[in-house]
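Topology and contacts: notes
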Amino acid sequence: MIPGKDTNVGKSEAPKEKYGTFALFDIEHFLRRLLKNWYWFAFMFLIGYAISWVYSKYYAQNVYASDLSLSISNNTSSYFSPNQSINFIWGQGGNQDGVYLKKMLFSRSHNEYLVKELNLFVNYSTKGLIKSTYLDKDDSPVFLDVDKKHLQQVNYPITLRPKGNGTYEVVLPEEGQSTGLYSYATESFHNINTYNRPANKIIKVNEWYNSPNLRFRLIQNPVTPSIKLDNIIVNLATVNQSVNDIVSTIAVNFDKEINTIMIINKKGYNLNSTVNFLNKSVAELQKKRLEDKNTVNKNTTAYLQGSLNGIRKKLDSAALVLNYLKTSEKLYNIKDRDEKSLEKIKDLEAKKADIVSKITSLNTIKSTLQSQNFDKMIATNAAGFEDGFFSASVSELKALYTKRSELAQIYKPASEPMKEVNRLINEAKTGSFNSLKNYYTKYYDEINKIDRQVSDANSDLTSYPEKERKYLDAERGYNMIEATYNSLLNRQNEAQMNVATNQSDISVIDPAKNIGQPPVSPNIKMAKAAIIGGMLFLPILFILIGEVLDNKIRNIKELLSVTKIPLLGVIGNNSSENMLTVLEQPKSSVSEAFRGIRANMRFLMNNEDEKGKVILITSSVGGEGKTYISINLASVLGLSDKKTILLGMDLRKPKIFGDFKIDNKYGISNYLTGEVNIDQIINHTKIPNLDVATSGPIPPNPSELLMSQRNVKFLQELKEKYDFIIIDSPPVGLVADSYELMKYSDANIYVVRHEYTEKYMMKLITEKYQNSEIEHLGLIYNDYNTKQGYGYGYGYGYGYGYGYFDEDKNYKEPLLIRIRNKMQRMFNKK
């Protein structure tokens with residue numbers, strides 16, 4: 001049975017609209033193309049590896065990171081380290097001290113101080129042939145000391161070239177000098193008149209360099225750097241730019257097990273810079289926290305001392321009155337005293353006195369807050385409470401007032417930034433005063449409660465005579481003042497103790513160190529893999545695009561499954577320029593393939609008719625090997641003792657005569673027009689049973705001639721003389737002549753050329769076959785490269801390498817086939 005020859009049932013199995021429709025993407029052919037183009041992958045791998053090596057060596061800027069861990073204690077009384085309800089402001093719970101400290105580490109005021117203190121707005125680097133490397137300040141042999149009173153140009157590279165003996169050549173860029181200069185004193189920009197580029201100049205250490213856009217001097221590094229530099233490039237930045245750069249490289253996390261332990265991370269292009277910054281940042285934070293706490297405690301001590309002095313005078317006055325009553329009125333020994341009621345009143349009034357003193361301290365805090373005199377703020381425990389929310393709001397308010405002062409130098413009062421900071425100030429003030437209001441309400445409620453209890457106790461003393469009640473009132477007044485005095489004295493002792501024993505609530509556990517940490521980014525291995533992978537992906541992409549855009553037929557399996565037309569055979573590539581392969585190379589695999597087609601043709605024809613069989617050969621377009629198939633099929637039939645004639649009926653493009661060396665002066669076109677008789681156009685060949693009738697001169701009306709009754713009679717006459725009539729007909733994709741000739745043929749062969757025939761060209765012939773408009777149709781797959789394998793399970797062409805065909809003497813197995821065969825031999829060993 002012919003491969004792909006299905007029964008009639010097969011025609012109705014698939015929907016008609018799908019006939020002739022090929023898949024957009026052929027995965028099998030795509031994989032074959034990938035293997036075939038392996039050398040491109042090897043080449044792109046080398047290119048990718050070279051690019052990745054150059055990138056990692058000369059262009060990748062390493063980013064380093066260092067860590068510092070510290071512990072935070074909770075024994076603070078400062079407004080600048082709240083410990084209770086700070087989560088209400090920043091929306092976080094847990095370790096409120098740590099959260100606030102984290103905010104301080106990211107604050108502008110803290111980082112701005114560090115930028116100015118450490119001159120972090122001066123950035124050092126050095127440049128090799130290709131790559132620039134960032135330096136720590138200590139890596140430079142000299143430091144650049146900026147005159148902050150002079151206007152400076154920022155983001156303008158200053159190159160220092162050592163010239164020996166403590167001298168350096170200052171080289172400025174050829175272009176880029178600006179008239180907009182920055183003032184480090186006011187942190188603002190100012191415009192100056194235009195000026196020419198300053199010339200290069202050699203200066204000594206400690207010598208001032210002066211130009212319209214720069215003024216600085218070089219200071220010798222007291223420590224000799226271990227690396228000798230050919231150049232030092234210095235870039236100045238604004239304070240704000242430096243602060244933003246620093247904040248963006250800081251990360252703060254808390255230990256998962258102990259939330260009072262904080263881990264601070266700093267990234268940068270130089271490891272020493274990150275280490276120095278972290279240690280300095282935390283040291284400054286410790287110092288500032290301690291100063292803040294001492295300031296508050298000292299303010300509290302001074303405030304309490306002043307209060308004690310005033311209460312002491314009142315206490316002395318009350319004591320004099322009490323002594324006078326005792327001695328003059330002889331009331332020190334009152335009979336039948338209700339000691340229980342008096343003791344209760346004494347305790348209640350002592351509590352009231354303590355609350356009154358707290359309210360007094362609360363008034364002081366409130367007035368200090370209203371006057372914005374934060375440096376005079378006293379501790380909240382002087383007013384008998386510790387409220388993290390209030391402390392945080394005061395700290396926030398202080399920072400906002402400072403921020404408003406800064407913005408006032410740049411923006412107008414009605415500007416949006418000023419409106420926003422004023423809004424934030426009002427919110428913070430509202431929060432602060434609401435907190436105080438809550439304590440006022442609490443204290444006054446307690447006083448009212450005490451007053452009611454005292455009133456109840458006083459009802460038991462109404463039986464005393466007037467003199468004795470007078471004495472008891474004086475005694476109660478003295479006790480109340482004494483209780484107030486003792487309360488203030490206790491709080492003063494506590495504040496003095498805090499001053500004497502005060503220490504920072506930040507303890508460094510592990511300081512930042514340079515222990516040779518590798519860079520944290522970029523990930524060189526990942527970058528190399530990405531570069532090499534990207535380069536390897538390029539040929540895949542190009543092949544994939546080519547595969548998607550390619551509309552050529554390359555897969556026999558797909559061709560048969562789409563068309564449902566039986567396959568007669570597969571013809572390999574003809575390496576010879578001569579088209580007479582069967583005659584010239586009878587032992588070749590191609591010749592054997594034609595013999596297989598000769599055998600398979602019987603399945604297409606109705607063998608009941610013993611007259612000559614007409615076999616029409618066509619294709620989609622020219623160049624698919626239609627004529628080549630016609631010549632060799634006719635040759636193989638003639639060699640099999642079958643009387644055969646080959647007709648060149650492609651009247652528009654005659655070809656056959658050249659290969660058989662026949663004169664094309666007279667041919668079928670002449671016969672059909674009646675110019676010559678049939679014997680004049682039939683030419684004999686060196687094959688006894690093979691005759692050829694060439695096309696003849698190209699006529700002006702080839703279609704009319706081929707469809708004429710004379711041509712029909714011509715074929716009928718040839719059928720009486722020959723066993724097989726092979727018609728080399730016109731391509732059906734260009735003209736319809738072949739469809740008309742198929743009415744008189746016994747078998748129709750459609751030639752498909754490997755990697756040449758377009759897929760869409762098969763749609764018309766497939767539809768006609770499936771609609772039974774064409775019968776007895778078979779395919780020949782031409783010009784297939786046998787080294788690729790047919791991709792179909794039938795043995796046409798046999799393959800090379802078995803010593804059977806002429807080509808085998810020059811055949812060399814492909815590398816993949818050799819590897820496969822070697823592995824099979826290894827695993828098949830017993």
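**Here's the deal with the packing of aromatic side chains**
- Taken as a whole and assessed by the stated rule, the structure comprises 12 aromatic pairs.
- Ring centres 6.1 Å apart and planes at 80 degrees place the aromatic pair Trp40 and Phe43 in the edge-to-face group. Placement of both Trp40 and Phe43 in helix H3 (residues 38-59) is noted, with a separation of three residues, approximately one turn of the helix.
- Centroid distance Tyr182 to Tyr184: 4.9 Å. Interplanar angle 85 degrees. Geometry classified as edge-to-face.
- Chaining the aromatic ring pairs together yields one cluster made of Trp38, Tyr39, Trp40 and Phe43.
- Between the NZ or CZ atom of Lys137 and the centre of the ring of Phe143, over which it lies, the distance is 4.7 Å.
- In this structure, Lys266 is placed above the aromatic ring of Phe277, and the distance from its NZ or CZ to the ring centre is 5.4 Å.

**A few points about the environment of Asn748**
- Looking at the element boundaries, Asn748 is found in strand S22 (residues 747-753).
- When the C-alpha positions of Asn748 and Ile726 are compared, they lie 9.9 Å apart, and in sequence the two are 22 residues distant.
- For Asn748, the side chain forms a polar contact with the main-chain oxygen of Glu775, separated by 2.9 Å.

**Looking at the pattern of salt bridges**
- Within the structure shown, the criterion is met by 26 salt bridges.
- Between Lys352 and Asp451 there is a salt bridge, with its nearest N and O atoms 2.8 Å apart. With Lys352 in helix H9 (residues 339-371) and Asp451 in helix H11 (residues 416-458), this residue pair connects regions lying 99 residues apart in the sequence.
- We classify Asp451 as partly exposed; its relative accessible area is 31%.
- Residues Arg753 and Asp783 are paired through a salt bridge, measuring 3.1 Å at the closest nitrogen-oxygen approach. With Arg753 in strand S22 and Asp783 in strand S23 (residues 777-784), this residue pair connects regions lying 30 residues apart in the sequence.
- Taking relative accessible area as the criterion, Arg753 reaches 26% and is therefore assigned partly exposed.
- For Asp783, a relative accessible area of 17% translates into the label buried.

**Here's the deal with the sheet that holds strand S13 (residues 250-254)**
- Ordered by their spatial adjacency, four strands build an open sheet running S13-S14-S1-S15, and the pairing between neighbours is antiparallel. Edge positions in the sheet fall to S13 and strand S15 (506-510), since each has one partner strand and no second. Averaged over neighbouring strand pairs, the angle between their axes works out to 30 degrees when direction is ignored.
- Looking at chain direction, strand S1 (residues 64-72) and strand S14 (residues 261-268) are connected through eight bridges and run antiparallel. Within the sheet, the bridge partner assigned to Ala65 lies in S14 and is Lys267.

**As for the confidence of the model for the chain**
- Across the chain, the average pLDDT comes to 81, with 84% of residues at or above 70.
- The low-confidence segment residues 3-16, where pLDDT is below 50, has 24 contacts with residues more than four positions distant or belonging to other chains.
- Confidence drops under pLDDT 50 across residues 80-94; counting only partners more than four residues distant or on other chains, this segment forms 49 contacts.

**Regarding the layout of surface pockets**
- The space that makes up the second largest pocket amounts to roughly 990 Å³.
- Lining the second largest pocket are 35 residues, with Leu120, Val122, Asn123, Leu135 and Ser273 sitting closest to its centre.
- Taken together, the elements giving at least two residues each to the lining of the second largest pocket come down to strand S2 (122-127), strand S3 (132-135), strand S12 (232-236), helix H7 (239-248), S14 and helix H8 (271-328).
- In terms of residue class, the lining of the second largest pocket is built from 13 nonpolar, 15 polar and seven charged.

**Some points on the nonpolar core**
- Counting 52 residues, the largest nonpolar core has Leu70, Leu144, Ile158, Leu160, Phe216 and Ile264 as its most contacted members.
- The leading source of residues in this core is H8, at six residues.
- Beyond its immediate chain neighbours, meaning those up to four positions away, Ile158 contacts Leu144, Val170, Val171, Leu172, Leu214, Phe216, Ile232, Ile233 and Val234.

What counts and how
- Residues numbered from 1 in each chain as written.
- Predicted model: local features only at pLDDT ≥ 70, side-chain atom pairs only at ≥ 80, totals over all residues.
- Heavy atoms only, no water.
- Phe/Tyr/Trp six-rings, centres within 6.5 Å; stacked < 30°, edge-to-face > 60°.
- Helix = DSSP H or I, 4+ residues; strand = E, 2+ residues; numbered from the N terminus.
- Lys NZ or Arg CZ within 6 Å of the ring centre and 35° of its normal.
- Polar contact = N/O pair within 3.5 Å; in protein donor to acceptor, adjacent residues only side chain to side chain.
- Salt bridge = Lys/Arg side-chain N within 4 Å of Asp/Glu carboxyl O.
- Buried < 20%, exposed > 50% of the residue type's maximum accessible area, 1.4 Å probe, protein only.
- Pairing = 2+ DSSP bridges.
- Axes fitted to C-alpha atoms, helices over the stretch in contact; angles between N-to-C directions.
- pLDDT = per-residue confidence, 0-100.
- Contact = heavy atoms within 4.5 Å.
- 1 Å grid on protein atoms, 1.4 Å probe; cavity = no way out; pocket = protein on both sides within 12 Å on 5 of 7 lines; lining within 4 Å.
- Points joined across faces, edges and corners; volume = space filled by probe spheres on them.
- Nonpolar A, V, L, I, M, F, W, Y, C, P; charged D, E, K, R; others polar.
- Core = buried A, V, L, I, M, F, W, Y, C linked by side-chain atoms within 4.5 Å.

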